[in-house]
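# Examining the three-dimensional arrangement
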Amino acid sequence: MAEIDTRAFLEDLHALRAIGRFRTGVHRPTYSPQDMESRRWLMRRLEECGLAPTIDGVGTVLGRHPGAGPHLLVGSHIESQNEAGWLDGALGVVAGIALARAGLPVDVCAFADEEGHFDVGFLGSRSAIGEVTEAAIDESRNSTDGTPLREALQAAGLAGLPRMQLEAGRYRGFLEMHIEQGTQLEAAGLRLGVVTGIVAIWQFRIVIEGAQDHAGGTTMAERRDAGLAAVRLLSAIDEAFARICGERSTWTTGRITLDPGAPSIIPGRAEILFQFRDVSVPVLERMEATLRALIRESNRRERCTATLEEISRNSPALCDPGLMDALSQAAEVLCPGGWQAMPSGAGHDAQNVAKVMPAAMLFVPSIGGISHHWSEDTREEDLALGVRVLGAAAERVLAAGA
Ligand code: HGY
Ligand code: MN
Ligand code: MN
């Protein structure tokens, strides 16, 4: 069995944590100086492990094993949500370094912008499987500040670099180690999760146009308050979705912007960033149909006009049974009875890579289930156990049918 150097693994995790540090987490939005510094750090680490590092035209980093196959691809992402956790994504990439350092024939990758700072959605892993056109890059904007993706790539020094395409035939499959970002493992007193399926995320922008006007002179009967219309619509969505959703569906309003945003002015415009998730496409389609019906209903009832714009959507993915078996067997050997099979409520690059090769994920617990927050954390003994299980599972996959 390959000996994983868990001390070096934890040291790498903490070294990466120091890049773009924010309180106990990190702030490494895609293509920020700190994100690009972390990519350079990763390329140096990959080279030290004997992998040939490259960075592509959207910032995806790949370390390529020089030896003969069979190979596995191991990785995740290293940019973060704003002011968020140190392990989301970084864990899976640094775990790949640990497996390479142990001499396993793995390529290691950090897909760009898994966190969707740009509205293509899963830019790096969808580009790597050929799903992102040049036109889509031309049209893409930063979801928070509207910066064109082309401009951000230019500023990051990536413009003109070729975009990598995954060579599916080179790999037995893709393994992604990740924090759970939920409370299931901790609540069950378990230390490892073998992921069965990964939710799709369907993202929308709802814009409500009313009439900016005086907050006092305009009577309640005549005003066209985009803010109130937004609140009533979101309340109607929440009530309707609860009746038609699936067991593990979620729906979230990440941002409501009211313009012009002054206390004595009736908001003339409301902009809502809204997303919903599920592992089942029929459930997702039912939620979208309900959303569209509620917007039509709002336009019948309100003196404001609501429009719906799709931002991005991807597909749910089932994890590969063979890779799941390898992870389950390794988990049972290294942590008997301390693991479970479970779905992922978060989206991951693995769900895109699963379109071109077998893919599977291994979860470790999140303390308090917290993620997408700077206080995100996992016990170091769980991190160390997870990377040992990942290494043992990788060995099983690489040895099978050798
Ligand atoms: O939002 C997600 O599920 C992922 O963390 N980007
Ligand atoms: Mn992630
Ligand atoms: Mn995330």
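What you see is a predicted model, and the numbers here were worked out from it, not measured in a lab.

What counts as what
Residues numbered from 1 in each chain as written. Chains lettered and ligands numbered in written order. Predicted model: local features only at pLDDT ≥ 70, side-chain atom pairs only at ≥ 80, totals over all residues. Heavy atoms only, no water. Donors = N, O, S within 2.8 Å, 3.2 Å for Na, K, Ca; no water. Helix = DSSP H or I, 4+ residues; strand = E, 2+ residues; numbered from the N terminus. Buried < 20%, exposed > 50% of the residue type's maximum accessible area, 1.4 Å probe, protein only. Pairing = 2+ DSSP bridges. UniProt positions renumbered as here; feature names shortened; annotations may be inferred. Contact = heavy atoms within 4.5 Å. Polar contact = N/O pair within 3.5 Å; in protein donor to acceptor, adjacent residues only side chain to side chain. Axes fitted to C-alpha atoms, helices over the stretch in contact; angles between N-to-C directions.

A separate point is the coordination of the manganese ion (ligand 2). Coordination sphere of the manganese ion (ligand 2), protein contribution only: His77 (NE2), Asp88 (OD) and His178 (NE2), at 2.1 to 2.3 Å. A distance of 3.5 Å spans the gap from the manganese ion (ligand 2) to the manganese ion (ligand 3), which Asp88 bridges by coordinating each metal. Linking Asp88 in the loop between β5 (71-76) and α3 (90-101) with His178 in strand β7 (residues 171-179), this pair joins segments that are 90 residues apart in sequence. As far as the burial class goes, Asp88 and His178 line up, both buried.

So, about the pairing of β7. In terms of burial, β7 is a largely internal element, 8 of the 9 residues being buried. Here 6 bridges tie β7 to strand β17 (residues 359-364), and the two strands are oriented parallel to one another. Directly across from Met177, in β17, lies its bridge partner Leu362.

Let us now look at the UniProt feature "binding site: Zn(2+) 1" (unreviewed entry) in the protein chain. The positions that UniProt labels "binding site: Zn(2+) 1" (unreviewed entry) are, in the present scheme, His77, Asp88 and His178. Taking the farthest pair of C-alpha atoms as the criterion, the annotated set spanning 102 residues converges on one region, since that pair is 9.9 Å apart. Within the element layout of this structure, His77 appears in the loop between β5 and α3. Relative accessible area serves as the criterion here: at 0%, His77 is assigned to the buried category. When sequence neighbours within four positions are dropped, the list of residues in contact with His77 reads Asp88, Gly89, Ala90, Val93, Ala110, Phe111, Glu114, Glu115, His178 and Asp349. In terms of polar contacts, His77 uses its side chain to reach the side chain of Asp88, at 3.1 Å. A relative accessible area of 1% means that His178 is categorised as buried.

Geometrically, a metal with four donors at the corners of a regular tetrahedron has ideal angles of 109.5 degrees, and one with six donors at the corners of a regular octahedron has ideal angles of 90 or 180 degrees. For the manganese ion (ligand 3), every protein donor is listed as Asp88 (OD), Glu115 (OE), Glu115 (OE) and His372 (NE2), and the spread of their distances is 2.1 to 2.6 Å. Its relative accessible area of 41% is what places His372 among the partly exposed residues.

A few words on the sheet that holds strand β9 (residues 200-209). Taken in spatial order, the 4 strands make up an open sheet running β11-β13-β9-β14, and their pairing is antiparallel. Pairing within the sheet leaves two strands with one partner each, and these edge strands are β11 (250-259) and β14 (305-313). For this sheet the average axis-to-axis angle between neighbouring strands, irrespective of direction, equals 20°. As defined by bridge partners, β9 adjoins strand β13 (residues 269-278) across 10 bridges and the pair is classed as antiparallel. Each bridged residue has a counterpart across the sheet, and for Phe204 the counterpart in β13 is Phe274. Across the sheet, helix α8 (residues 226-244) lies against β9, β11 and β13, angled at about 15° from β13, the strand it touches most. Taken strand by strand, helix α9 (residues 281-301) contacts β9, β11, β13 and β14, and its axis lies near 5° from that of β9.

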